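Examining the three-dimensional arrangement
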Amino acid sequence: MALISDGRFIEDAWRRLADEEALPKTGKFIVSLPRLEHAVEVLGPTATFGVIVPNTTEPSALIAALPRLDLISIAFPAFADGRGFSLARLLRRAEFKGELRASGRLVADQYPHAIGCGFDTIEIPDDLADRQDEEQWRAALNAYSMSYQRGYAGRGSILEARRKAVRS
Amino acid sequence: MTAVDLRVAQRPNAPMTTYRYDEYDAAFVSERVAEFREQVNRRLSGALTEEEFRPFRLMNGLYLQLHAYMLRVAIPYGTLTARQMRRLADIADKWDKGYGHFTTRQNLQYNWPKLVDTPDILESLADVEMHAIQTSGNCIRNVTADHFAGVAPDEIEDPRPTAEFLRQWSSLHSEFSFLPRKFKIAVTGAAHDRAAILVHDIGLRIVKNDTGEIGYQVVVGGGLGRSPFIGKVVGDFVPREDLLAFLEAILRVYNRFGRRDNKYKARVKILVHEKGIDEIRAAVEAEFAAMDRSAFAHDPEEFERIAAFFAPPPYESLPATSALLRAAKLETPAFANFVDVNVGAHKIPGYAIVTVSLKPIGGVPGDATSAQMRVLADASERFGFGELRVSHEQNIILPHVKQDDLFALWSMLDAAGLATANAGLVSDIISCPGLDYCSLATARSIPIAQAISKRFSDMSRQRRIGKLGVKISGCINACGHHHVGAIGILGLEKKGQESYQITLGGDPTFSASIGEILGPGVTAEQVPDVVEHLVDYYLAEREEGEAFIDTWRRIGHARFKDVLRREGEDGADI
């Protein structure tokens, strides 16, 4: 797997735990959604852990755990399945402040969409990373100077810019 | 200074006809072209697989047809300038086969572009403030509107500022570009629906409440395709300041809960149908209530800025009727017929709305050659403030023509083969491209339209028949809107043969209804006979002032079914 952050391929500091693996005492690790409740229960307040969730997850299922989570990874079962974008928005709306990660076969061209919806990092399989190198991801990030929507992260809003121009 | 004055001051020579890009719009569209150019390069280099490239080329209007790529250019809310029309003609000559096809959703399709040329075509479009963004793909499509916007006497408000507002909001939306399926929005501001809003994913009807405030009736879940549905009201009166937030709520509900397991059940109409409108309304209202609406806080200045572009052109003060027109009609019967059929009432005294039919007898519905496009551009400049419209009936509208100028305009159109006086008549047929172009088609559509058109080539007979919507689709995806044709024709394939199913009673307006099946399918050759017999039966049964659909509604489907049955007894193998 390759991890993209701020337009660069970086080392992943997080480890995805297999379901049969015991919860470690230290380090950054990611559990599956069925193990989340247990993890929250047994891990101390200083543990650093995250969860990977399907894109059909109801945000309400995560609300109680949000303050404890340092990362939420949303699985994209197919790159054109846009449910994860809405889920990311809803988690940011619920004031999740940790790392939001999109995991799946996302293509570089979707990077601005992901950033706009509140994702920080993208995790893609190696074969995809081989075809779509860092340069393509960075280009995608810089493809547009501004966006028409308001209230989405990343690029500046055209509506805001127009408003400022009128008032200045 | 008003917004209009400001704009005139800034762009003294700009036509007053439609939205003009500012620096932000221009940058956005040009960045889109640059991005697509790179995407094409990356497809060719193998960085993108065809599967990965597909949604991005679709969102740039490039669609793979039966024989070649097709490029679908957006004509937002159907409005374009003479300069833009000329550019469409130039592109047809330079990169296509000298013609284009106007579609039912206010787009223009080029049927033969090469993949490697499309970035240049898009650049050429961007140069005249046009694009092909989101004319295909599982995203919010080109927003359409009443083609008589701003000139219809029955209008509460011009729907185009709303449509432009939504065009911008929906362009490359971070969250809603990978929806379960395509998503079409149409807007009307009139008492009579010419934008078919009840058969769109979202239909917006501009309404005024008791206190005189302008708002929107929001309809969701309409659509044609293989499962036709009439849209249902999800918001009875959504104030303008809440419109974007309300739409965002609908789209979020759809993006999360629309079906993705089966593409034929993925449209919002299926979600509405399966969950019921009450559950959908509750979900939308809950989402709307939970949203941070400050991000959507209505920006009246921005709305006014956009609305100013659609300010009325500088009309002259004229008498309500024209003596010149009256005299010319008496002198030239062909012109009189054109005026009676293709010319509509304008809200300003002394002006008229002219429909230029792209349905010549025996022609391909919606096709225009580059030469015809240039004639239309010239005509709009000479007679109509340089403004043109595209209707969802696949015709071109000149929205502000002085009645005094009608004869000169008609003469110019007639010389270019553009004066067919059949707007709204039986030969003004909506047709999809069908098996001649489309890889989804199961039967031919265009030749059927041509055969019906030829059968009714006697124009006086057409006028006697009156308003009659014939709509033809070459497969169940229903791009030819057959479900809402008073006479609908659906081309299917049965045991290797084309078979045409006829439906009656469809209506795309506020009195919307889906057509009912007449009987077993008929062959391509029989279609004109069946249509003719149905029309003759209507003529025999109709009462004073009744259109075909009125008679059908009054006497009932069963009586018309007998026509087809008798047809079968005449020896036809139906």
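Please read these numbers as outputs of a predicted model, since none were measured by experiment.

Conventions we followed
- Throughout this document, residue positions are counted from 1 along each chain, in the order its sequence is written.
- Chain letters start at A and ligand numbers start at 1, both assigned in the order the entries are written.
- Reporting of local features is limited, given that this is a predicted model, to residues whose pLDDT is at least 70; pairs of side-chain atoms are given and counted only at 80 or more, and all residues count toward the totals for whole chains, interfaces and linings.
- Values reported for side chains reflect all heavy atoms of the structure, with hydrogen atoms and water molecules removed beforehand.
- Only DSSP runs of H or I with at least four residues qualify as helices, and only runs of E with at least two residues qualify as strands; both kinds are numbered from the N terminus onward.
- Only C-alpha atoms enter the radius of gyration; for comparison, a globular chain is expected to reach 2.2 Å times N to the power 0.38, where N is the number of residues.
- A simple rule labels every residue: compare its accessible area, found with a 1.4 Å probe on the protein chains alone, to the largest value its type can have, and call it buried under 20%, exposed over 50%, or partly exposed in between.
- Contacts between residues were defined by any pair of non-hydrogen atoms, one from each residue, lying within 4.5 Å.
- Values of accessible area rely on a 1.4 Å probe in the Shrake-Rupley scheme; residue burial ignores everything except the protein chains shown.
- Residues counted as positive are Lys and Arg, residues counted as negative are Asp and Glu, and His and the chain ends are not counted.
- To locate a charge, take atom NZ for lysine, CZ for arginine, CG for aspartate or CD for glutamate.
- The working definition used for a salt bridge is a side-chain nitrogen of Lys or Arg within 4 Å of a carboxyl oxygen of Asp or Glu.
- Pairing between strands requires that DSSP locate at least two bridges from one strand to the other.
- The axes used here are C-alpha line fits, helices contributing only the stretch in contact, and every angle between their N-to-C directions lies in the interval 0 to 180 degrees.
- Along the chain, pLDDT gives the predictor's confidence residue by residue, from 0 to 100.
- Either an automatic procedure or a domain database provided the assignment from which the domain bounds are taken.
- Buried area, as used here, totals the accessible surface that two parts lose on assembly, with accessibility defined by a 1.4 Å probe and the loss added over both.
- Residues adjacent in sequence count toward polar contacts only when both atoms are side-chain atoms; beyond that, a polar contact is any pair of N or O atoms within 3.5 Å, and within protein one must be able to donate a hydrogen and the other to accept it.
- Three residue categories are used. Nonpolar comprises Ala, Val, Leu, Ile, Met, Phe, Trp, Tyr, Cys and Pro, charged comprises Asp, Glu, Lys and Arg, and polar comprises the others, including Gly.
- Note on terminology: a nonpolar core comprises buried Ala, Val, Leu, Ile, Met, Phe, Trp, Tyr and Cys residues joined through side-chain atoms within 4.5 Å.
- Buriedness of a pocket was judged along seven lines, with at least five required to meet protein on both sides within 12 Å; pockets are open sets of points on a 1 Å grid over the protein atoms alone, cavities are sets where a 1.4 Å probe fits but cannot get out, and lining residues have an atom within 4 Å of a point.
- Grid points are joined across faces, edges and corners, and a volume is the space filled by probe spheres set on the points.

Looking at the overall build of chain B
Scanning chain B from terminus to terminus reveals 19 helices and 20 strands. A globule of 574 residues ought to have a C-alpha radius of gyration of about 25 Å, and chain B, at 23 Å, matches this closely. Scored against the burial criterion, the 574 residues of chain B give a buried share of 63%. By sequence separation, contacts in chain B at least 24 residues apart represent 67% of the contacts at least 6 residues apart. Element-wise, carbon and sulfur atoms account for 52% of the exposed surface of chain B, whose accessible area totals about 20500 Å². Each charge class in chain B can be summarised by its mean position, and for the 66 positive and 76 negative side chains these summaries are 4 Å apart.

Things to note about the side chain of Lys184(B)
Residues and elements named next belong to chain B. Position of lysine 184 among the secondary structure elements: in the loop between α6 (160-170) and β7 (185-188). The buried charged residue lysine 184 lacks any salt bridge partner; its closest oppositely charged side chain belongs to aspartate 201, at an N-O distance of 6.1 Å. If near-sequence neighbours (up to four positions away) are discounted, lysine 184 is found in contact with Arg105, Arg141, His200, Asp201, Ile202 and Arg267.

Concerning the sheet that holds strand β7 (residues 99-104) of chain A
All names here are of chain A. Pairing is mixed in the open sheet, where eight strands are placed in the order β2-β1-β8-β7-β6-β5-β4-β3. At either margin of the open sheet sits one strand with a lone partner, and together these are β2 (8-10) and β3 (15-16). Across five bridges, the pairing between strand β4 (residues 28-32) and strand β5 (residues 48-53) is parallel. Directly across from serine 32, in β5, lies its bridge partner isoleucine 52. Against the sheet, helix α3 (residues 83-93) engages β5, β6 (71-76) and β7, with an angle of about 160° to β6. In this fold helix α6 (residues 134-141) packs onto β1 (2-5), β2 and β8 (121-124), with an angle of close to 130° to the strand it touches most, β2.

Examining the confidence of the model for chain B
All names here are of chain B. Looking at chain B, pLDDT values average 93 and 96% of them are 70 or higher. Segment residues 1-15 is flagged for pLDDT under 50; beyond a separation of four residues in sequence, or across chains, it makes 18 contacts in the model. Between residues 569-574, whose pLDDT stays under 50, and residues either more than four places distant or in other chains, the model counts ten contacts.

As for the domain arrangement of chain B
All names here are of chain B. Domain annotation for chain B reports domain 1 (3-127), domain 2 (151-308), domain 3 (323-415) and domain 4 (430-569). For domain 2 versus domain 4, the distance between C-alpha centres works out to 31 Å. Tallying the contact residues gives 16 residues for domain 2 and twelve residues for domain 4. The junction of domain 2 with domain 4 conceals about 1200 Å² of combined surface from both sides, 75% of it contributed by carbon and sulfur atoms. Our count for the domain 2 to domain 4 interface comes out at zero salt bridges. The tally of links from domain 2 across to domain 4 stands at two residue pairs in polar contact (both at pLDDT 80 or more). In terms of residue class, the side of domain 2 that touches domain 4 is built from ten nonpolar, three polar and three charged.

Observations regarding the interface of chain B and chain A
Across the contact, 46 residues belong to chain B and 42 residues belong to chain A. The junction of chain B with chain A conceals about 3900 Å² of combined surface from both sides, 49% of it contributed by carbon and sulfur atoms. Together, Tyr24(B), Ser174(B) and Arg256(B) form the three largest contributors to the area buried by chain B at its contact with chain A, with a combined 19%. Taken together, the connections running from chain B to chain A amount to eleven salt bridges. Across the pair Asp299(B) and Arg150(A) runs a salt bridge whose closest N-O atoms are separated by 3.9 Å. Remark: the boundary between chain B and chain A carries 31 residue pairs in polar contact (both at pLDDT 80 or more). Residue assignment for the side of chain B that touches chain A shows that the elements contributing at least two residues are α2 (23-45), α3 (50-58), α6, α7 (243-257), α9 (277-290) and α10 (300-308) of chain B. Within the side of chain B that touches chain A, the residues separate by chemical class into 17 nonpolar, ten polar and 19 charged.

With respect to the nonpolar core
Among the nonpolar cores identified, the biggest contains 164 residues, and Ile72(A), Ile74(A), Met85(B), Leu88(B), Ile202(B) and Leu204(B) are the most heavily contacted of them. For this core, the element with the most residues is α7(B), which contributes ten residues. Ignoring anything within four residues of it in the chain, the contact list for Leu204(B) reads Thr162(B), Leu166(B), Ile185(B), Ala186(B), Val187(B), Thr188(B), Ile197(B), Tyr216(B), Gln217(B), Val218(B), Leu243(B) and Leu247(B).

Some details on the layout of surface pockets
All names here are of chain B. In this structure, the second largest pocket spans a volume of roughly 940 Å³. Lining the second largest pocket are 37 residues, and of these His192, Glu393, Ala423, Gly424 and Lys467 sit closest to its centre. Among the elements of the structure, α12 (333-342), β11 (343-345), β12 (351-356) and α18 (548-555) are those that each provide at least two residues to the lining of the second largest pocket. No other element matches the three residues that α12 contributes to the lining of the second largest pocket.

Notes on the sheet that holds strand β4 (residues 99-102) of chain B
Residue and element names in this part refer to chain B. One open sheet accounts for five strands, arranged β1-β2-β5-β4-β13; its pairing is antiparallel. Each edge of the open sheet is held by one strand with a lone partner, namely β1 (62-64) and β13 (367-369). Averaged over all neighbouring strand pairs, the angle between strand axes comes to 30°, with direction disregarded. Sheet topology note: the β4/strand β5 (residues 107-110) ladder contains two bridges and is antiparallel. Bridging across to β5, histidine 101 finds its partner in glutamine 109.

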